[in-house]
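As a plain string of letters, each chain reads:
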Amino acid sequence: MLDIWKLIKSYSGPRGQSFLKVFRSLYFIEASPGSMTQVTHEPTRIREAKQEDASAIARLGAKVFSTTFGHSLPTSDLDAYLAESYSPSAILEDLANSKKDTVVICPSTNLNHVLGFATLTRRTIEPCIRHLEGTTVELQRLYIEPNSHGRGLGKSLVTHVETIARHEGFSTMWLGVWEENIKAQQVYGRLGYEKVGDRDFVMGSCRQTDWIMLKNLE
Ligand SMILES: CC(C)(COP(=O)(O)OP(=O)(O)OC[C@H]1O[C@@H](n2cnc3c(N)ncnc32)[C@H](O)[C@@H]1OP(=O)(O)O)[C@@H](O)C(=O)NCCC(=O)NCCS
């Protein structure tokens, strides 16, 4: 195996690089300088979330929220927000809400293992996009397991949710993203979303500013 690896690495230029890319995706491995690591690029599948996924979604949501935003609010506000939004019962309520569709992304080989999720929410609006009411829909949540960032999973989920929105006749999709969440803003920018305004986002005693970003789906 080591010899094959050396051979691949000895290729230089665009051909060598693309060979390496194909090799990685075929064998589902990720290369890091000087080492070969764990399988990470296994094929994935997106499916509608079921009631049985509530605990896994709640766990992942609470983990990603705490990792990404935990430093930005007092612990008591964080705990209250997690209980309100990412407890299994809160997720069960979301799953039963006909205004919301949640989809999950899982390894094709284990459709019970939730690597990420996204939620499309209908009939929500913000003042800065009031003129679009009835024709726009919200991408409310997009969370990916931290070990799986940068693999295209977020993009796949967004593309999937946009397809649902198009089928339902919506012409734009909007989202709110914390003004200090630069990475997510850049990701959304890559996916075609543009800042059109902002809003206050309140969690307990903590008031933050979100950017409102919008994408034309037509
Ligand atoms: C934001 C998040 C959902 C992105 O998911 P992801 O699976 O890592 O993103 P992807 O790998 O699908 O990348 C999507 C696009 O963004 C680009 N991108 C990824 N990471 C990036 C970064 N750090 N900076 C700039 N662009 C980036 C990718 O290159 C890709 O664009 P391309 O296909 O044109 O090359 C994920 O990082 C996450 O869960 N973050 C924590 C929770 C969060 O902030 N959610 C958003 C709340 S509003």
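Residues numbered from 1 in each chain as written. Predicted model: local features only at pLDDT ≥ 70, side-chain atom pairs only at ≥ 80, totals over all residues.

Engineer: Would you take a moment to explain the overall build of the protein for this structure?
Structural biologist: What the protein contains, in helices and strands, is 7 helices and 9 strands. Burial analysis of the protein (218 residues in total) assigns 24% to the buried set. Contacts in the protein between residues at least 24 apart in sequence constitute 63% of all its contacts with a sequence separation of at least 6. (Helix = DSSP H or I, 4+ residues; strand = E, 2+ residues; numbered from the N terminus. Buried ≥ 20, exposed ≤ 12 C-beta atoms within 10 Å, placed from the backbone. Contact = placed C-beta atoms within 7 Å.)

Engineer: Any chance you could explain the sheet that holds strand S8 (residues 194-203) here in plain terms?
Structural biologist: Where strands meet in a sheet, backbone hydrogen bonds hold them as pairs that are either parallel or antiparallel. Within the open sheet, the 7 strands sit side by side as S3-S4-S5-S6-S7-S9-S8. Their pairing is mixed. Taken across any chain shown, the strands that pair with only one partner, and hence form the sheet edges, are strand S3 (44-48) and S8. Averaged over neighbouring strand pairs, the angle between their axes works out to 25 degrees when direction is ignored. When S8 meets strand S9 (residues 206-216), the two strands line up antiparallel, connected through 9 bridges. Within S9, the position partnered with Lys-195 by the bridge is Met-213. Its contacts with the sheet put helix H7 (residues 182-190) on strand S7 (172-178) and S9, and the angle it makes with S7 is roughly 165 degrees. (Pairing = 2+ DSSP bridges. Axes fitted to C-alpha atoms, helices over the stretch in contact; angles between N-to-C directions.)

Engineer: What am I meant to see in the packing of helix H3 (residues 54-69) against helix H5 (residues 88-96) here?
Structural biologist: The angle between the axes and the distance between the axes are what describe a pair of packed helices. It is at 8 Å that the axes of H3 and H5 come closest, and there the two elements cross at 115 degrees. Along this stretch, H3 crosses H5, giving a crossing that reads as right-handed. Mapping the contact onto sequence places Ala-54, Ser-55, Ile-57 and Ala-58 in H3 and Pro-88, Ile-91, Leu-92 and Leu-95 in H5. Considered class by class, the residues forming the contact of H3 with H5 number 7 nonpolar, 1 polar and no charged. (Left-handed = near helix turned anticlockwise from the far one by under 90°. Nonpolar A, V, L, I, M, F, W, Y, C, P; charged D, E, K, R; others polar.)

Engineer: Any chance you could explain the pairing of strand S5 (residues 116-121) here in plain terms?
Structural biologist: In regular strands, side chains alternate between the two faces of the sheet. Extensive coverage of S5 is indicated by the burial of 5 of its 6 residues. With 6 bridges connecting them, strand S4 (residues 100-107) and S5 associate as antiparallel partners. When the bridges of S5 are listed, Asp-101 appears paired with Leu-120. Pairing of S5 with strand S6 (residues 136-144), which is carried by 6 bridges, proceeds in the antiparallel orientation. Along S6, the bridge assignment pairs Leu-120 with Leu-139.

Engineer: Would you mind showing me how to read the confidence of the model for the protein here?
Structural biologist: Note that predicted coordinates carrying low pLDDT should not be read in detail. Looking at the protein, pLDDT values average 86 and 82% of them are 70 or higher. Here residues 1-39 is a poorly scored stretch, pLDDT under 50, and it has 21 contacts once near neighbours within four places are set aside; other chains count. (pLDDT = per-residue confidence, 0-100.)

Engineer: Honestly, the site of the ligand in this entry has me stumped. Any pointers?
Structural biologist: Residues in contact with the ligand amount to 20 residues; listed here are only the nearest, Ile-144, His-149, Gly-154, Lys-155 and Gln-186. Of all the secondary-structure elements, those providing two or more residues to the shell around the ligand are H3, S6, helix H6 (153-167) and H7. (Near = placed C-beta within 6 Å.)

Engineer: What is the right way to read the environment of Asn-147 from this model?
Structural biologist: Assignment of secondary structure puts Asn-147 in the loop between S6 and H6. The spatial distance from the C-alpha of Asn-147 to the C-alpha of Leu-115 is 9.0 Å, given a sequence separation of 32 residues.

Engineer: Which parts of the structure should I look at to understand the nonpolar core?
Structural biologist: For soluble globular proteins, nonpolar side chains are generally found buried alongside one another. Formed by 38 residues in total, the largest nonpolar core has its most connected members in Ile-57, Phe-117, Leu-139 and Met-213. Sorting the residues of this core by element identifies H3, S4, S5, S6, H6, S7 and S9 as the ones contributing at least two each. Sort the elements by how many residues they give to this core and H3 lands first, with 6 residues. Residues within four places of Phe-117 in sequence aside, it is in contact with Ala-49, Ile-57, Leu-60, Thr-102, Val-103, Val-104, Arg-141 and Tyr-143. (Core = buried A, V, L, I, M, F, W, Y, C linked by C-beta atoms within 7 Å.)

Engineer: Would you mind going over the environment of Gln-140 with me for this structure?
Structural biologist: Inspection of the secondary structure assignment puts Gln-140 in strand S6. When the 19 C-beta atoms within 10 Å are taken as the criterion, Gln-140 is described as partly exposed. Discounting residues that sit within four places of it in the chain, Gln-140 has contacts with Thr-119 and Thr-121.

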